[in-house]
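The residues making up each chain are set out below.
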Amino acid sequence: MRLPEPGGDRPTPPRPSASESTAKKGLRQDFDARARAARADFEAQLRQRKADLGARNEALTARTGRNLPAAIGIALAFAVVMLGSLLLWTPSFMVVAAFLLGVAVYELTSAMRFAGRDVPRIPSVAVSVAIVPAAFLGGQVAALFTLLGGIVLVSLWRLVEVAVARDKPPAGHVVRDLTNGLFAQAYVSLLGACVVLLSAQPSGPLWVIAFILVVVAVDTGAYATGLNLGKHPMAPRISPKKTWEGFAGSVAASILVGILVTWLMLGLPWWTGIVLGVLISGSATLGDLTESMIKRDLGIKDISSFLPGHGGLLDRIDSILPSAAVGYVMYLVIVH
């Protein structure tokens with residue numbers, strides 16, 4: 001006798017009618033349409049917010065002369081690299097310094113050549129790189145001899161170029177090329193060597209970090225105060241966006257940060273922070289104005305396009321270079 005299969009007696013579920021299938025299909029289509037509409041609305045809002053953000057960024061760039069988000073991002077990247085090299089293993093800072101000085105000299109000499117000043121780039125960059133290990137490992141004397149020897153090398157290189165050229169340039173142009181080559185070394189390599197010399201001293205890495213923090217305070221104070229209160233231009237023919245109100249803000253910010261870093265980081269009396277802040281507010285502002293004068297003299301807006309949409313590397317360290325000399329001299333006066 002054959003037994004019935006399990007479940008064989010279960011009733012077959014009724015099939016949906018044509019009207020029910022049509023209703024379900026309509027609901028599904030309505031749901032899909034609503035989902036597409038919601039997605040399209042979200043994408044439209046996202047595009048509008050992006051456009052609004054871009055418009056605000058363009059307006060801010062027009063007022064300040066710089067791409068602020070890019071400036072902050074680049075500053076943070078530099079801060080991470082420099083802090084890591086100075087605090088983890090100080091000799092590695094030589095690599096960072098050599099890169100910064102080499103690129104800065106290359107940018108400056110390239111801008112000079114673009115303006116018709118034939119400054120040799122290869123020996124100029126070689127000198128700026130060579131002065132870093134000379135300063136870190138050999139000290140002031142080695143750095144000075146490297147700089148002087150480098151100036152002689154750059155000058156002889158240019159004179160040899162003139163000697164073998166078919167069309168001899170006028171003597172005045174050759175003198176101009178030589179003086180421009182000397183200036184590139186004095187402005188970038190010599191001042192940059194001060195950072196390296198300072199980093200090689202006992203507690204030097206902390207001093208480097210301290211004076212750079214004061215330079216950042218100068219830039220931030222000048223930017224914030226000048227943007228909101230600036231009315232009286234400081235040097236309209238050199239840098240139209242710099243104002244006396246911004247300079248006052250930079251001095252106040254640099255003194256405040258100077259007191260904090262000398263007291264908390266360097267273990268010095270608080271009044272040394274006032275001296276450091278006042279001196280660096282002047283040197284950082286002078287460095288910024290000097291680079292503006294260079295660009296105006298060369299007829300360019302930015303030294304280079306090394307940092308896309310943001311100018312050159314020298315545009316970012318122009319305040320640090322002369323301030324490095326201030327920091328190094330203060331270290332020698334106070335600590336030695």
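Use the structure listed above.
Here is a short report on the structure shown in this document.

Scoring rules and cut-offs
- Residues numbered from 1 in each chain as written.
- Predicted model: local features only at pLDDT ≥ 70, side-chain atom pairs only at ≥ 80, totals over all residues.
- Heavy atoms only, no water.
- Helix = DSSP H or I, 4+ residues; strand = E, 2+ residues; numbered from the N terminus.
- Buried < 20%, exposed > 50% of the residue type's maximum accessible area, 1.4 Å probe, protein only.
- Contact = heavy atoms within 4.5 Å.
- Areas by Shrake-Rupley, 256 points an atom, 1.4 Å probe, with all protein chains shown as cover.
- Salt bridge = Lys/Arg side-chain N within 4 Å of Asp/Glu carboxyl O.
- Axes fitted to C-alpha atoms, helices over the stretch in contact; angles between N-to-C directions.
- Parallel < 35°, antiparallel > 145°, perpendicular 65-115°, else oblique.
- Left-handed = near helix turned anticlockwise from the far one by under 90°.

1. Description of the overall build of the chain
Of regular secondary structure, the chain possesses 10 helices and two strands. In the chain, the succession of helices and strands from N to C terminus is α-α-α-α-α-α-β-β-α-α-α-α. Relative to its full complement of 336 residues, the chain shows a buried share of 40%. Taking all contacts inside the chain whose residues are at least 6 apart in sequence as the whole, residues at least 24 apart take part in 68%. Surface exposure of the chain reaches about 19200 Å², of which carbon and sulfur atoms provide 68%.

2. A look at the side chain of threonine 272
Along the chain, the position of threonine 272 falls in helix 8 (residues 270-298). Exposure remark for threonine 272: the relative accessible area of 3% places this residue in the buried category. With near-sequence residues (within four places) excluded, threonine 272 lies in contact with Thr262, Met330 and Ile334.

3. Side note on the pattern of salt bridges
Side-chain pairs of opposite charge can arise whenever the charged atoms involved come near each other. Counted by the stated rule, this structure contains eight salt bridges. Close ionic contact of aspartate 297 with arginine 117 constitutes a salt bridge, the shortest N to O distance being 3.3 Å. Here arginine 117 lies in the loop between helix 3 (93-114) and helix 4 (121-164) and aspartate 297 lies in helix 8, a separation of 180 residues in the sequence. One salt bridge in this structure joins aspartate 288 and lysine 242, with 2.8 Å as the shortest N-O distance. Residue aspartate 288 is found in helix 8, and its partner lysine 242 is found in strand 2 (residues 239-243); the two are separated by 46 residues along the sequence. Within the structure, one salt-bridge network assembled from shared partners comprises Asp118, Arg158, Glu161, Arg176 and Asp177.

4. So, the packing of helix 6 (residues 204-229) against helix 10 (residues 320-334)
Between helix 6 and helix 10, whose axes approach to 10 Å, the crossing angle comes to 135 degrees. Here helix 10 runs oblique to helix 6, going by the angle between their axes. You can see that helix 6 and helix 10 cross each other, and the crossing is right-handed. Residue-level contacts link Trp207, Phe211 and Val215 of helix 6 to Ile320, Ser323, Ala324, Gly327, Met330, Tyr331 and Ile334 of helix 10.

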